[in-house]
Amino acid sequence: MLKKVKKIFGALGPGIVTGASDDDPSGIATYSQAGAKYGIATLWTVLITFPLMAAIQEMCARIGVITSAGLTTTLKKHYGKPVLYLMVLFSVPAIILNIGADIAAMGAVANLLFPSVPAIFFSILFTGLLLFFIVYLPYQKLAAVLKYLCLTLLLYIAVPFFTKPDWGIVLKQTLMPTIKWDKAFIGVLVAILGTTISPYLFFWQTAMEAEDVKAVKRQIMINKRLLSVSESFPDNGKKRESRLLELLIQKMSLDVNLGMFLSNLIMFFTILATGTALYSHGIRNIDTVEQAAKALEPVAGKFSYLLFALGIIGTGFLAIPVLSGSLSYIVTETFGLKGNLDKKFRKAKAFYIILIVSVLLGLSINYFGINPVDALLYTAILYGITCPVIIAIVLHIANNKKIMGDYTNKWLSNILGGLCLLVMTAGSVFLLYLQFFSK
């Protein structure tokens, strides 16, 4: 049984890591705030986020498979510089803020366990460890570790079974949307959408799928028997290439859908856990990590702080390589620099220097005295506001026959993608209206 689980886990690709990294400290903080503020009133959002998130990530993955290039490279090749720079402008600041917020959260939960040691010390320590692992570990080894770190998130699934909520009410709140037309509630909805459908995941998914395709093609050159493609079409290069793409897209679709499903499952149970363990006991706002940790008390008791800290640190180690790697892919591809996570430092200096600088810039945010929980929530809201621009670009690329050939979007992908663009835009516009024009 253990061997089967290990085999299945080993076969999973970028989709599972992308989905798990979406439940980073920023995501956990956002879902916890939603549960503490409004109980289980936002559970219904999972019915929206899962199909929309899966549709957009599948498009990004398919772009990576077909083009064998990152999203930024594709944009640079087929679209004008103004569009490219607009995308960079919208993406890079939000990613750096996300890195900083995650590092701050990791330092804060470590300080929760060791109060005598300043949180900034732990933030610096974690930053050093992260940079060491990212720079010196080959990506394949790093990815293998990242997949197992996903398991730290499963703890939230257990909490509701100890708090024993009324499952009839849970079902009702999941199937029947509750909306409050005020700035705080709309802000939480935009934050949930922003932290779930995050732009950095688009770049990461595309780049990782492109790297996977390149690796497969290299293997085919070495071993003609791979995937039985050459045996099925021994004399027809075009058919062999087409069959290979079909197989890769099938594998990619399963991987992406599973990754997004697990991401949204964790989101659902985090809101449910905090909604039943915190909201029902009068904790209506999370200002500190101590308050967030209390959500795990029903299942972990006096060990709740320890398990919450391990979860946040684990998800931070999972997400920050994805965040910094995404930013590095964006910048290197924009300016025509070479490098990726599969190459060693000496062969991809520009790539790793950008990655290191992005993490250090994120660390510097810790010195501005921003509350880690607030920083995580602000990051999610910023993503929610900037995301529509990136979604519009992804939709256009995925429907561009010059780029995608026979693998452009089907009708369902376009409906879900268009709906995602509409929902994200409407939420962002309404939040800005409430922020600047409502009393």
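Remember, it's a predicted structure, so these values are computed and weren't measured experimentally. (Residues numbered from 1 in each chain as written. Predicted model: local features only at pLDDT ≥ 70, side-chain atom pairs only at ≥ 80, totals over all residues. Heavy atoms only, no water.)

**Q** Before we move on, could you go through the overall build of the protein chain and cite the residues and values that matter?
**A** Broken down by element type, the protein chain carries 21 helices and zero strands. Residues counted as buried form 55% of the 439 residues belonging to the protein chain. As displayed, the protein chain has an accessible area near 19400 Å², and 68% of this comes from carbon and sulfur atoms. (Helix = DSSP H or I, 4+ residues; strand = E, 2+ residues; numbered from the N terminus. Buried < 20%, exposed > 50% of the residue type's maximum accessible area, 1.4 Å probe, protein only. Areas by Shrake-Rupley, 256 points an atom, 1.4 Å probe, with all protein chains shown as cover.)

**Q** Got a sec to walk through unusual backbone geometry? Specific residues and values, please.
**A** In this structure, Ser 68 is a non-glycine residue whose phi angle is positive, near 55°. Secondary-structure assignment places Ser 68 in the loop between α4 (46–67) and α5 (71–78). We classify Ser 68 as buried; its relative accessible area is 16%.

**Q** Give me the nonpolar core: which residues, what numbers.
**A** Soluble, globular proteins show a tendency: their nonpolar side chains are buried together. Grouped together as the largest cluster of nonpolar side chains are 125 residues, with contacts concentrated most on Met 87, Ile 197, Phe 202, Leu 341 and Ile 391. Per-element accounting of this core gives the leading share, 15 residues, to helix α14 (residues 237–277). (Core = buried A, V, L, I, M, F, W, Y, C linked by side-chain atoms within 4.5 Å.)

**Q** So, the confidence of the model for the protein chain: which residues are in play, and what are the values?
**A** Should the pLDDT be low somewhere, the predicted coordinates at that spot are not to be read in detail. For the protein chain, the average pLDDT comes to 81, and 83% of its residues sit at 70 or higher. Taken as a whole, residues 224–233 scores under 50 in pLDDT and shows 16 contacts with residues more than four places along the chain or in a different chain. (pLDDT = per-residue confidence, 0-100. Contact = heavy atoms within 4.5 Å.)

**Q** Could you give an account of the packing of aromatic side chains, with specific residues and numbers?
**A** All chains considered together, the criterion is met by 14 aromatic pairs. Here a set of aromatic residues connected by ring pairs shows up, and it is made of Phe 114, Phe 121, Phe 122, Phe 126, Phe 132, Phe 133, Tyr 136 and Phe 317. (Phe/Tyr/Trp six-rings, centres within 6.5 Å; stacked < 30°, edge-to-face > 60°.)

**Q** Which residues make up a nonpolar patch on the surface, and what are the values?
**A** A contiguous nonpolar surface patch, about 600 Å² in accessible area, is contributed by Phe 121, Leu 125, Leu 129, Phe 132, Phe 133 and Tyr 136. When you line up the elements, Leu 125 lands in helix α7 (residues 119–136). You can call Leu 125 partly exposed: its relative accessible area is 37%. (Patch = residues over 30% accessible without salt bridge, like charges linked within 9 Å, V, L, I, M, F, W, Y side chains within 5 Å. Salt bridge = Lys/Arg side-chain N within 4 Å of Asp/Glu carboxyl O.)

**Q** I'd like a description of the packing of helix α11 (residues 183–196) against helix α21 (residues 411–437), backed by residues and values.
**A** Two packed helices can be described by the angle between their axes and the distance between those axes. Between α11 and α21, the shortest axis-to-axis distance is 9 Å and the interhelical angle comes to 145°. The chirality of how α11 crosses α21 is left-handed. Contacts between α11 and α21 involve Lys 183, Ile 186, Gly 187, Val 190, Leu 193 and Gly 194 on the former and, on the latter, Val 423, Met 424, Gly 427, Ser 428, Phe 430, Leu 431, Leu 434 and Gln 435. Residue composition of the contact of α11 with α21, grouped by class: eight nonpolar, five polar and one charged. (Axes fitted to C-alpha atoms, helices over the stretch in contact; angles between N-to-C directions. Left-handed = near helix turned anticlockwise from the far one by under 90°. Nonpolar A, V, L, I, M, F, W, Y, C, P; charged D, E, K, R; others polar.)

**Q** So, the packing of α5 against helix α17 (residues 304–334): which residues are in play, and what are the values?
**A** Following both chains from N to C, one finds α5 and α17 inclined at 25°, their axes separated by 8 Å at the closest point. Taken together, α5 and α17 sit at an angle that is classed as roughly parallel. Between α5 and α17 the crossing geometry is right-handed. Packed against α5, whose contacting residues are Leu 71, Thr 72, Thr 73 and Lys 76, the element α17 presents Tyr 329, Ile 330, Glu 333 and Thr 334 at the interface. (Parallel < 35°, antiparallel > 145°, perpendicular 65-115°, else oblique.)

**Q** Kindly report on the side chain of Thr 334, identifying the contributing residues and their values.
**A** Within the secondary structure, Thr 334 is located in helix α17. Of the polar contacts made by the side chain of Thr 334, one reaches the backbone oxygen of Ile 330; its length is 2.6 Å. Not counting residues within four places of it along the chain, the set of residues in contact with Thr 334 comprises Thr 72, Lys 76, Leu 84, Tyr 85 and Val 88. (Polar contact = N/O pair within 3.5 Å; in protein donor to acceptor, adjacent residues only side chain to side chain.)

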